[in-house]
Structure formats: structure tokens, C-alpha cells
Amino acid sequence: MNSWIDLDALWRILVVGLLTGAGLPALFALALRLLNPPAPAGEPATGPATGPATDRPTAGPVGYALAGLLLAVVLASIGWGISVIVNHR
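Residues numbered from 1 in each chain as written. Predicted model: local features only at pLDDT ≥ 70, side-chain atom pairs only at ≥ 80, totals over all residues. Heavy atoms only, no water.

A. How the structure looks around the packing of helix 1 (residues 7–35) against helix 2 (residues 61–87). Following both chains from N to C, one finds helix 1 and helix 2 inclined at 155 degrees, their axes separated by 8 Å at the closest point. Of the possible angle classes, the one that applies to helix 1 and helix 2 is roughly antiparallel. Both helix 1 and helix 2 take part in a crossing whose hand is left-handed. Judged by residue contacts, Leu 24, Leu 27, Phe 28, Leu 30, Ala 31, Leu 34 and Leu 35 of helix 1 engage Gly 63, Tyr 64, Leu 66, Ala 67, Leu 70, Leu 71, Val 73, Val 74 and Ser 77 from helix 2. Looking at side-chain class alone, the contact of helix 1 with helix 2 contains 14 nonpolar, two polar and no charged residues. (Axes fitted to C-alpha atoms, helices over the stretch in contact; angles between N-to-C directions. Helix = DSSP H or I, 4+ residues; strand = E, 2+ residues; numbered from the N terminus. Parallel < 35°, antiparallel > 145°, perpendicular 65-115°, else oblique. Left-handed = near helix turned anticlockwise from the far one by under 90°. Contact = heavy atoms within 4.5 Å. Nonpolar A, V, L, I, M, F, W, Y, C, P; charged D, E, K, R; others polar.)

B. Local environment of helix 2. Look at helix 2: 38 Å from first C-alpha to last across 27 residues, which is about the 39 Å you get at 1.5 Å a residue. The set of residues buried in helix 2 consists of Gly 63, Ala 67, Leu 70 and Val 74. Where helix 2 is buried, its residues meet helix 1. Directly after helix 2, the chain includes His 88, whose backbone phi takes a positive value near 55 degrees. (Expected span 1.5 Å × (residues − 1). Buried < 20%, exposed > 50% of the residue type's maximum accessible area, 1.4 Å probe, protein only.)

It is worth stressing that arrangement in space is one thing and function is another; only the former is reported here.
Rendered as C-alpha cells:
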């Protein structure tokens, strides 16, 4: 081991960076996808450019619950990060 490089700290920084840099945006994107499911296969997508979006499938109660849970995890992570910065840990 090199005295200039602390490998234990380096892998911890890498893991936390990957989790917060890629993991939280992925959870947020998954939550948005659960709230707005895709159109069924074979049916044209509807929207402002192609027509009214009233015949679009909506997320069921399970989709809303999972999306809410994922968004709560993202918000809790943001709050935890802010508290770590403020408390100078």
C-alpha cells in the first residue's frame, strides 16, 4: 500500500459517489415511470401533439405506492446529505 493513497477511503468515496451520482437519479426516474406508465403495445401514444391524453393508462394503487416510496427515499437522501453538510460530520 502506498502511503500517499488511502485505498479504504478511496473505495468508500467511489461507492458513495456511484450511489448518489447514479443511484438517486435512477430511483427518481423509476418513480416517474411508475407514475406515468407507457401506452399498451400496439396502441398509438397519445398526448398534446396527437390528441387528448384522457385515454392513457394510469398508474394503479401499487404504482402510486411504489413511486411514493421511491420519492421518499430520494427526499430522505437529500435531507440526510444536507444534514451532514450542515453538521460538519
